[in-house]
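Notes for the structure review
If you want the building blocks of each chain, they are given just below.
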Amino acid sequence: MRTSQHLVTLRTIALAFAVVLSPAFLQIDGGTCHGDTTLAALEFKPFMMPGMELPEDIIQFEPDVLLYEVELPVTVTQAMLVLEASDPTAELAVQCYCDDGFVEGHQINETLGWTVIDLPEGNSRVKVFVRPSGGDEGCYIIRITRELVP
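This write-up is about the structure you can find in this document.

Rules used in this analysis
Positions within a chain are numbered from 1, following the residues in the order the chain's sequence is written. Reporting of local features is limited, given that this is a predicted model, to residues whose pLDDT is at least 70; pairs of side-chain atoms are given and counted only at 80 or more, and all residues count toward the totals for whole chains, interfaces and linings. Only hydrogens and water are removed before side-chain values are computed, so all heavy atoms of the structure are retained for them. Strands are runs of DSSP state E lasting at least two residues, helices are runs of H or I lasting at least four, and both sets are numbered from the N terminus onward. Think of it in three bands: with a 1.4 Å probe and only protein chains considered, a residue is buried below 20% of the maximum accessible area for its type, exposed above 50%, and partly exposed in between. Contacts were defined at the residue level, with two residues in contact if any of their heavy atoms lie within 4.5 Å. For every accessible area listed, the method is Shrake-Rupley and the probe measures 1.4 Å; residues are considered covered only by the protein chains on display. The salt bridge definition used is simple: a Lys or Arg side-chain nitrogen within 4 Å of an Asp or Glu carboxyl oxygen. Any two of the Phe, Tyr and Trp rings considered here, Trp counted by its six-membered ring, make a pair once their centres fall within 6.5 Å; the pair's planes then place it as stacked at under 30 degrees, edge-to-face at over 60, or tilted in between. Counted as positive: Lys and Arg. Counted as negative: Asp and Glu. His and the chain ends are not counted at all. Polar contacts, as counted here, are pairs of nitrogen or oxygen atoms within 3.5 Å of one another; within protein the pair requires one atom able to donate a hydrogen and one able to accept it, and residues that are adjacent in sequence qualify only if both atoms are side-chain atoms.

1. Here we look at the overall build of the chain
Helix and strand counts for the chain come out as 1 helix and 8 strands. Secondary structure elements of the chain, listed N to C terminal, follow the sequence α-β-β-β-β-β-β-β-β. Looking at the 150 residues of the chain, the share that counts as buried comes to 30%. The long-range fraction of contacts in the chain, counting pairs at least 24 apart against all pairs at least 6 apart in sequence, stands at 66%. Accessible area for the chain stands at about 10100 Å²; split by element, carbon and sulfur atoms hold 56% of it.

2. Topic: the environment of Pro73
Among the secondary structure elements, Pro73 is positioned in strand β2 (residues 67-73). Taking the C-alpha atoms as reference points, Pro73 and Arg146, 73 residues apart in sequence, are found 5.4 Å from one another.

3. Overview of the environment of Ile141
Mapped onto the elements of the fold, Ile141 is located in strand β8 (residues 138-147). Those residues within four positions of Ile141 in sequence are excluded, and the remaining contacts are Leu66, Leu67, Tyr68, Val126 and Lys127.

4. Considering the pattern of salt bridges
All told, the structure shown has 3 salt bridges when counted by the stated rule. In this structure, Glu43 and Lys45 form a salt bridge, with 3.1 Å as the shortest nitrogen-oxygen distance. Residue Glu43 is classed as partly exposed on the basis of its relative accessible area, which comes to 25%. In this structure, Glu69 and Arg143 form a salt bridge, with 3.0 Å as the shortest nitrogen-oxygen distance. With Glu69 in strand β2 and Arg143 in strand β8, this residue pair connects regions lying 74 residues apart in the sequence.

5. Observations concerning the packing of aromatic side chains
One pass over the structure, following the stated rule, counts 3 aromatic pairs. Ring plane angle 35° and centroid distance 6.3 Å describe the contact between Phe61 and Tyr68, whose orientation is recorded as tilted. Like Tyr68, Phe61 is buried. Geometrically, the ring pair formed by Phe61 and Tyr140 is tilted, given 5.9 Å between the ring centres and 50° between the ring planes. Within this pair, whereas Phe61 is found in the loop between β1 (39-46) and β2, its partner Tyr140 is found in strand β8, the two being separated by 79 residues in sequence.

6. What about the side chain of Arg146?
One can find Arg146 in strand β8. One buried charge, Arg146, has no salt-bridge partner; the nearest side chain with opposite charge is Glu121, at 7.7 Å. Of note is the side chain of Arg146, whose polar atom sits 2.7 Å from the backbone oxygen of Pro120. With near-sequence residues (within four places) excluded, Arg146 lies in contact with Leu72, Pro73, Val74, Val76, Thr77, Leu119, Pro120, Glu121, Gly122 and Asn123.

Listed below in C-alpha cells is the structure:
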C-alpha cells in the first residue's frame, strides 16, 4: 500500500511540474516570428538606358519571387528602386553590394516609397529587407550583371 501512495505522489508532482512549466514551453517555440514579409510592389528603373527617355521598370515583379536577375550596360550608373510592403506597418531597408563590397547610402523616401541606387563598376546585388512588426524578416535580391555595349 505504501508503494502505491509513493507512485501516486511522484505522478502528482510530475503532473504539477508539467502544468507549471507548460506556459514557458508554449512561449519557447524555436524563436518563430510572424508577420507579412512580402512586398506588394518592387520596380527597378535604371536611368539612361539606351533607347529609353524616362526610366522604365525592367523586372516583372511577383511577390513570391525573391530573386531577380538583371543585365545592364556599363554606362548605366544609377537606378530607381520603387518599393511597397504588403504590410503597411513593415519597415523597408535597402542595401547594395558591388563585388562583395558594401555601397553606402540608399535611404528610402518613406512618403513616396523609392530610393536611388548607385551602381559602381562591376556586378552588384541589391537586397531589399521587409521587417513587419511581428519580428520576422523577408529579403528580395536583385542581381545586376554589367555588360559592355558593342
